[in-house]
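Close look at the chain arrangement
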Amino acid sequence: MPVRITQELQARIFHHLEQTWPNEGGGFLLGEVAQDAATVCECIAVENVFDAAEQYHRYAMTPQDWMRLEDEADQRGLDLLGYYHSHPDSPAIPSDYDREHALPNFVYLITRVQAGAAREMLAWRLRTNRSRFDSEKMEVVSD
Amino acid sequence: MVTIRIPSPLRAYTGEQAVVEVDGATIGAALEDLTARYPELRQHLYEGQELRNFVNVFLGEEDIRFLDGLDTGLDAGDSLRIIPSIAGGRAGCESAPSLRQE
């Protein structure tokens, strides 16, 4: 199922992840799932709580962050669609570490931030049997 | 009966129910009953017989790691919640997840 995001939201994510470079950054994606696409309606930056010395290649959120934003999504009638994070100076391709910590039915937007500039955003979804991520088509639409 | 709140991505395996009722005198028993009722959940919650390290279970507001873990006793009407810890990172490092201490 394609992932649809506006240019404005994508630019906001890029800006956030350029600010966190050379460390990883991330946040949640709230939106709506319809027959033809999963549409991102909102992106919410969340603090990276991994050990500071490891943040150049690792990102983590607390369970409390999940709880707070899932409650917000449920109250607003939105879906907790997925999350975004950066791979500083590395391809926007999920790592084994990403896969081991992933859930199905969740959109993973990974952005390559090269030398401080966001270069590429790719969408991924974990296969139901957890064996691998599959690439999802991204539709970046005008605001 | 106790209730378990299911994280959004896994509701596809509970018929889109956000909250399900299960039986169990302990948290471990309640989770076993959950995965017996909804078998597709199991591979995403467990690795072998152990909960995956990114799967957190809360009893009310309390992380069960700070209680008696899966042996924590339950009373009728208790509310459990399953919360994934989101983590990610680029390739090239094999370190274990490590959250900053508050």
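Let me sum up the structure you'll find in this document. Note that the structure is a prediction, hence the values are computed from the model and not measured.

**Details of the overall build of chain A**
The number of helices and strands found in chain A is three helices and nine strands. For 143 residues, the compact-globule estimate of 2.2 N^0.38 gives 15 Å, and chain A sits close to it at 14 Å. If you line up chain A on its principal axes, its C-alpha atoms span 40 × 30 × 30 Å. The buried share of chain A, reckoned over its 143 residues, is 53%. Here chain A has roughly 6,100 Å² of accessible surface; of this, 46% comes from carbon and sulfur atoms.

**As for the pairing of strand 7 (residues 79-84) of chain B**
Residues and elements named next belong to chain B. Burial runs high along strand 7: five of the six residues are buried. Sheet topology places strand 1 (residues 2-5) next to strand 7; three bridges connect them, and they run parallel. By the bridge assignment, Ile4 is partnered in strand 7 with Leu80. Across five bridges, the pairing between strand 5 (residues 55-59) and strand 7 is antiparallel. Counterpart to Asn56 in the pairing with strand 7 is Ile83.

**A short note on the layout of surface pockets**
Within this model, the second largest pocket holds a volume of roughly 330 Å³. For the second largest pocket, the lining is made up of 16 residues, of which Val33, Asp79 and Asn105 of chain A together with Ser8 and Glu16 of chain B are closest to its centre. Broken down by element, the lining of the second largest pocket gets its largest block of residues, three residues, from strand 5 (residues 79-88) of chain A. Of the residues that constitute the lining of the second largest pocket, the class distribution is nine nonpolar, two polar and five charged.

**So, helix 2 (residues 63-76) of chain A**
All names here are of chain A. A rise of 1.5 Å per residue sets the reference length of helix 2, with its 14 residues, at 20 Å; its end C-alpha atoms lie 20 Å apart and thus fit the reference within 8%. For helix 2, the complete set of buried residues consists of Pro63, Asp65, Trp66, Met67, Leu69, Glu70 and Ala73. Just past helix 2, the residue Gly77 takes up positive phi, approximately 75 degrees.

About the thresholds
Residues numbered from 1 in each chain as written. Chains lettered and ligands numbered in written order. Predicted model: local features only at pLDDT ≥ 70, side-chain atom pairs only at ≥ 80, totals over all residues. Heavy atoms only, no water. Helix = DSSP H or I, 4+ residues; strand = E, 2+ residues; numbered from the N terminus. Rg over C-alpha atoms; globule rule 2.2 N^0.38 Å. Buried < 20%, exposed > 50% of the residue type's maximum accessible area, 1.4 Å probe, protein only. Areas by Shrake-Rupley, 256 points an atom, 1.4 Å probe, with all protein chains shown as cover. Pairing = 2+ DSSP bridges. 1 Å grid on protein atoms, 1.4 Å probe; cavity = no way out; pocket = protein on both sides within 12 Å on 5 of 7 lines; lining within 4 Å. Points joined across faces, edges and corners; volume = space filled by probe spheres on them. Nonpolar A, V, L, I, M, F, W, Y, C, P; charged D, E, K, R; others polar. Expected span 1.5 Å × (residues − 1).

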